[in-house]
Amino acid sequence: MIVPRRGYNYSQLIEQLDTLSNKKKIGAYSLQNAFFYLQWPDVRLTYNLSYYPLAEAVSQQLLMLRKTRRRSRLHPHKQRSKYICDPEKVVEAGNHFIWEMMPGYNTLSTPSHLATLHHYRVCEFGGNQCVKTPSVMDKSILPFGESLTVSVAQNLENFSEKCHSSVSTILDKMYTTP
């Protein structure tokens, strides 16, 4: 999940990034990847969503609100990074960076103080060695918690109605960490 650190949405983030370079030459925005390992303990936060009980229940299930410890070191751009691009300015796209841009366009490396990509995963290579790596608390997702849970709850209601499934059944099957 891309998490802006200044501003409140992706449009504001892109507007801010466009001021860092010649906007007309930007074809993609690269974001550094931050690993939030699932083996680290959960943090239980409560949002006062009594006006919407389903959203309150969802807030306890969302992984991105429970995992606030991440690896200290961010992956450098082009290593596990992801990007936002204008596909009309791209010749060849890869998983972690644009291999080739149309002539005259480039990729802007997003400074980590403006946004990072939060990646929630188990340790690489099996085992639990990753939890011994240096880590920091990163609560940059929390300002989005209430609006995120309300949005997820609304989508769950729509999904359950269209699929003829109860919301409680869906909530019971939401991912929980080991």
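For the structure, check the block above.
Residues numbered from 1 in each chain as written. Predicted model: local features only at pLDDT ≥ 70, side-chain atom pairs only at ≥ 80, totals over all residues. Heavy atoms only, no water.

A. Summary view of a nonpolar patch on the surface. Taken together, the side chains of Val91, Met102 and Tyr105 present a nonpolar region at the surface, about 230 Å² in accessible area. Along the chain, Tyr105 falls in the loop between strand 7 (98-101) and strand 8 (106-109). (Patch = residues over 30% accessible without salt bridge, like charges linked within 9 Å, V, L, I, M, F, W, Y side chains within 5 Å. Areas by Shrake-Rupley, 256 points an atom, 1.4 Å probe, with all protein chains shown as cover. Salt bridge = Lys/Arg side-chain N within 4 Å of Asp/Glu carboxyl O. Helix = DSSP H or I, 4+ residues; strand = E, 2+ residues; numbered from the N terminus.)

B. Representation of the packing of aromatic side chains within the structure. Per the stated rule, a full pass over the model turns up 4 aromatic pairs. Ring centres 4.8 Å apart and planes at 45 degrees place the aromatic pair Phe97 and Trp99 in the tilted group. Under the relative-accessibility criterion, Phe97 is labelled partly exposed at 22%. Three or more aromatic residues joined by ring pairs make a cluster, and in this case those are Phe35, Tyr37 and Trp40. For the cation-ring pair, Lys78 lies above Phe97, with the distance from its terminal atom to the ring centre recorded as 5.3 Å. Sitting over the face of the ring of Phe35, Arg121 holds its NZ or CZ atom 5.1 Å from the ring centroid. (Phe/Tyr/Trp six-rings, centres within 6.5 Å; stacked < 30°, edge-to-face > 60°. Buried < 20%, exposed > 50% of the residue type's maximum accessible area, 1.4 Å probe, protein only. Lys NZ or Arg CZ within 6 Å of the ring centre and 35° of its normal.)

C. Structural context of the side chain of Lys67. Note that Lys67 resides in the loop between helix 3 (63-66) and strand 4 (69-71). Here Lys67 falls in the buried class, since its relative accessible area comes to 2%. A polar contact of 2.9 Å, which involves the side chain of Lys67, links it to the backbone oxygen of Leu38. Polar contacts involving the side chain of Lys67 include one to the main-chain carbonyl oxygen of Trp40, which spans 2.3 Å. (Polar contact = N/O pair within 3.5 Å; in protein donor to acceptor, adjacent residues only side chain to side chain.)

D. Quick look at helix 4 (residues 145-163). Here helix 4 is 19 residues long and its end C-alpha atoms lie 26 Å apart, about the 27 Å a rise of 1.5 Å per residue gives. Where helix 4 is buried, its residues contact helix 2 (53-61), helix 3 and helix 5 (167-173). Of the residues trailing helix 4, His164 is marked for its positive phi of about 55 degrees. (Expected span 1.5 Å × (residues − 1). Contact = heavy atoms within 4.5 Å.)

E. Highlighting the pairing of strand 9 (residues 115-121). A large share of strand 9 lies buried, amounting to 5 of its 7 residues. Bridge count between strand 1 (residues 2-4) and strand 9: 3 bridges; the pairing is antiparallel. Counterpart to Val3 in the pairing with strand 9 is Thr116. Direction of pairing for strand 3 (residues 33-37) relative to strand 9: parallel, over a ladder of 5 bridges. In the sheet register, Phe36 faces strand 9, and the bridge partner there is Tyr120. (Pairing = 2+ DSSP bridges.)

F. Up close: the sheet that holds strand 9. As summarised here, the arrangement of the 3 strands in space is 1-9-3, forming an open sheet in which the pairing is mixed. In the strand order of this sheet, the two ends are held by strand 1 and strand 3, each with one partner. Each strand axis lies, on average, 35 degrees off the axis of its neighbour in the sheet, ignoring direction. (Axes fitted to C-alpha atoms, helices over the stretch in contact; angles between N-to-C directions.)

G. Molecular detail of the pairing of strand 6 (residues 90-93). Pairing analysis gives 3 bridges linking strand 6 to strand 7, with the strands arranged antiparallel. Following the sheet pairing, Glu92 is matched in strand 7 by Glu100. Hairpin connection of strand 6 to strand 7: 4 residues between the antiparallel strands.

H. Structural context of the sheet that holds strand 2 (residues 26-31). Taking strand neighbours across the sheet as the criterion, the 3 strands line up as 5-2-8 in an open arrangement whose pairing is mixed. Only two strands of the sheet have a single neighbouring strand rather than two, namely strand 5 (82-85) and strand 8. For this sheet the average axis-to-axis angle between neighbouring strands, irrespective of direction, equals 30 degrees. Strand direction decides the pairing type here: strand 2 and strand 5, joined by 4 bridges, are antiparallel.

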